[in-house]
Amino acid sequence: PVYDLSESELNQLLANLLNNAFEAAEELTGYKRYAAICLEEDYLEVTNYVKDDFSKSMIKKATKQGFSTKGRNRGYGMANIWDIVKRRNLTLESYLEDDLLTFMIHMK
């Protein structure tokens, strides 16, 4: 209840971000098979490792409906996230540091 989101919106945000993180983790081995979530009062964050060939340009492309690294017309998760972020006037940041990808949604 600390977030100004409906249960459905919060579920969509978390489900899409975590699903992407889990799918990326499945492609990796060892300690890099990792996904983490942090829920704080003013933000939520999902972090995971990605393949070495993942680039920052993929993050920008991922906001377009239908784009997916898994094939054509499969990428609706990030577009749905962006719809909620825009509708609720939130901020979405993404960071790629080496091969560690982080998505942070600021709630206030």
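Here, the structure is the one placed above.
Model, not experiment: these values are computed from the prediction.

Trainee: Before we move on, could you go through the pairing of strand β3 (residues 91-97) and cite the residues and values that matter?
Mentor: The sheet contact formed by β3 and strand β4 (residues 100-106) spans seven bridges and is antiparallel. The residue bridging Ser 94 from the neighbouring strand is Phe 103, located in β4. The antiparallel hairpin formed by β3 and β4 contains two residues in its connecting segment, where Asp 98 sits at a positive phi of about 55 degrees.

Trainee: How would you explain the packing of helix α1 (residues 7-26) against helix α3 (residues 77-87) if you had to name every residue and give the values?
Mentor: Relative orientation of the contacting elements α1 and α3 amounts to 145 degrees, with a least axis distance of 9 Å. Where α1 crosses over α3, the handedness of that crossing is left-handed. Listed contacts from α3 to Glu 9, Gln 12, Leu 13, Asn 16, Leu 17 and Asn 20 of α1 are Gly 77, Met 78, Asn 80, Ile 81, Ile 84 and Arg 87. Its residues assigned to classes, the contact of α1 with α3 shows five nonpolar, five polar and two charged.

Trainee: Requested: an account of the nonpolar core, with residues and values cited.
Mentor: If you look at soluble globular proteins, the nonpolar side chains tend to sit buried side by side. One finds Leu 5, Leu 17, Leu 44, Ile 81, Leu 92, Ile 105 and Met 107 to be the most contacted residues of the largest nonpolar core, which totals 22 residues. For this core, the secondary structure elements donating two or more residues are α1, β2 (43-49), α3, β3 and β4.

Trainee: Describe the pairing of β4, naming the residues involved and giving the relevant values.
Mentor: By the criterion of burial, β4 is predominantly enclosed, with five of the seven residues buried. Of the pairings in the sheet, the one linking β2 to β4 comprises seven bridges and is antiparallel in character. Bridge pairing links Asn 48 to Leu 101 in β4.

Trainee: Break down the packing of aromatic side chains for me, citing the residues and quoting the values.
Mentor: Per the stated rule, a full pass over the model turns up two aromatic pairs. For the pair Tyr 31 and Tyr 49, a centre-to-centre distance of 5.9 Å together with 85 degrees between the ring planes defines the contact as edge-to-face. Taken as a pair, Tyr 31 in the loop between α1 and β1 (35-39) and Tyr 49 in strand β2 lie far apart in primary sequence, 18 residues in all. Since its relative accessible area comes to 17%, Tyr 49 is described here as buried. The rings of Tyr 31, Tyr 34 and Tyr 49 are connected pair by pair, giving a single aromatic cluster.

About the criteria used
Residues numbered from 1 in each chain as written. Predicted model: local features only at pLDDT ≥ 70, side-chain atom pairs only at ≥ 80, totals over all residues. Heavy atoms only, no water. Pairing = 2+ DSSP bridges. Helix = DSSP H or I, 4+ residues; strand = E, 2+ residues; numbered from the N terminus. Axes fitted to C-alpha atoms, helices over the stretch in contact; angles between N-to-C directions. Left-handed = near helix turned anticlockwise from the far one by under 90°. Contact = heavy atoms within 4.5 Å. Nonpolar A, V, L, I, M, F, W, Y, C, P; charged D, E, K, R; others polar. Core = buried A, V, L, I, M, F, W, Y, C linked by side-chain atoms within 4.5 Å. Buried < 20%, exposed > 50% of the residue type's maximum accessible area, 1.4 Å probe, protein only. Phe/Tyr/Trp six-rings, centres within 6.5 Å; stacked < 30°, edge-to-face > 60°.

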